Amino acid sequence: MLTGRISGPMMPRMVALFVLGGLQGLLGWFMVQSGLVDRPDVSQYRLTAHLGLAVLIYGYMLWIALALLHPSTGAAKNATARAGLRLLVPWVFIVILSGGFVAGTDAGLTYNTFPLMDGRWVPLGLFDHTPTVINFFENTITIQFTHRLFGIATVTAVLLFWLVHQWIPVDERVSWWINALGVRGDRPGVAGHCHVDLRSTRAVGGNAPSRRDDLVLHGDPRAARHAANQPMSAARFVYITAESRDEAVAIGRALVQERLAACANVIDPVTSIYWWEGAVQEDAEVVLVLKTQADLVTPLTERVKALHSYACPCVVALPIDGGNPAYLQWIADQTTGASARSDR
């Protein structure tokens, strides 16, 4: 600017770009600050705002560059392509923001099966939070589910857009934007640069088929963060019923000693009403609650079946959606290495 190489209409654009860069730095600090309060985990709202502004700055830079490299012709032949881009580009921006909430809450670490989530098309707990709208920003199940839907819709729309414009001529400027979406270029069929990273971290068996994954839109999954700091942790509750207190204590002690569980709680007595051999039964039972890790559910279940007196013992694993990070870390520490020992 001082040398006069940037002048005319380009001057205010450069100033705006400089101001946006400064705002991005301030917003970055505002985001980091949220992770220095109660726990080392930034706010998903601030992270998404930081990501959104970065994308806007990047898009603004591309717009400035294209204005210089490929001035707009306003050709009528571009009308259809321009209309499609005006819909697709904002939509991709929304999908990226959705990915920000996935990263900010680590919602991608909840399920790793596709297209089903925990064996269901529509997972349980989708709208557990109130008011309903808060689920889209704070409920990890809803956040991952909607991001999956957005991803499917994006791939579908991009492929349709690419197919349509195989036969519609456009000028170089519009063609560049189509290429930027990854839907048109020298290699038809390459649908963009949208990277989906599916990293399975825990194997789960028994009655809780949930596993963990990381599904992100070419962003930072922060996979190194320990499960204890994540909304959907690797810890699991395992609910078991036994015929007597002695049996429950014996099973619990064996599992804790073998480090298949970190802790066992015996609850006595409970009344159980259930179907068995064609008739409704009612008996006094004892509940055994175990705290373990997701990858230990299968060996734990097999061990319970070996120790239990029932022909078909109740062994049900439930996910732990957050909690005291120190306690969740303790569960992991007490059961570390049990999976490897169970495989021998």
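Preceding block: the structure.
> For the overall build of the protein chain, give the residues involved together with the corresponding values.
If you tally the helices and strands in the protein chain, you get ten helices and four strands. Put simply, the protein chain runs from its N terminus to its C terminus through helices and strands in the order α-α-α-α-α-α-β-α-β-β-α-β-α-α. The proportion of buried residues among the 344 residues of the protein chain is 40%. Partitioning the intrachain contacts of the protein chain with sequence separation of at least 6 by distance along the chain shows that 69% fall at a separation of at least 24. Accessible surface, the protein chain as shown: approximately 18,900 Å² in total, 63% of it carbon and sulfur.

> With reference to specific residues and values, describe helix H2 (residues 44-69).
Taking 1.5 Å per residue, 26 residues should reach 38 Å; H2 reaches 37 Å between its end C-alpha atoms and fits that length. All of the buried residues in H2 are Gln44, Leu47, Thr48, Gly52, Leu53, Ile57, Leu62, Ile64 and Leu66. Its side-chain oxygen 3.2 Å from the backbone nitrogen of Tyr45, Ser43 forms the N-cap of H2.

> Report on the packing of aromatic side chains, specifying residues and quantitative values.
For the structure on display, the rule yields six aromatic pairs. Centroid distance Phe101 to Phe137: 5.3 Å. Interplanar angle 55°. Geometry classified as tilted. A residue pair is termed long-range when its members are at least 10 positions apart, and Phe101 in helix H3 (residues 79-105) and Phe137 in helix H4 (residues 135-138) qualify at 36 residues. For Phe137, a relative accessible area of 30% corresponds to the partly exposed category.

> Can you break down the nonpolar core residue by residue, with the values?
With 17 residues, the main nonpolar core has Val238, Ile240, Leu255, Leu288, Leu290, Leu300 and Val304 as its most contacted residues. Of all elements in the fold, only strand E1 (235-242), helix H7 (245-257), strand E3 (279-293), helix H8 (297-307) and strand E4 (315-319) reach the threshold of two or more residues within this core. Those residues within four positions of Ile240 in sequence are excluded, and the remaining contacts are Val286, Val287, Leu288, Leu290, Val304, His308, Cys314 and Val315.

Reading guide: rules and limits
Residues numbered from 1 in each chain as written. Predicted model: local features only at pLDDT ≥ 70, side-chain atom pairs only at ≥ 80, totals over all residues. Heavy atoms only, no water. Helix = DSSP H or I, 4+ residues; strand = E, 2+ residues; numbered from the N terminus. Buried < 20%, exposed > 50% of the residue type's maximum accessible area, 1.4 Å probe, protein only. Contact = heavy atoms within 4.5 Å. Areas by Shrake-Rupley, 256 points an atom, 1.4 Å probe, with all protein chains shown as cover. Expected span 1.5 Å × (residues − 1). Polar contact = N/O pair within 3.5 Å; in protein donor to acceptor, adjacent residues only side chain to side chain. Phe/Tyr/Trp six-rings, centres within 6.5 Å; stacked < 30°, edge-to-face > 60°. Core = buried A, V, L, I, M, F, W, Y, C linked by side-chain atoms within 4.5 Å.

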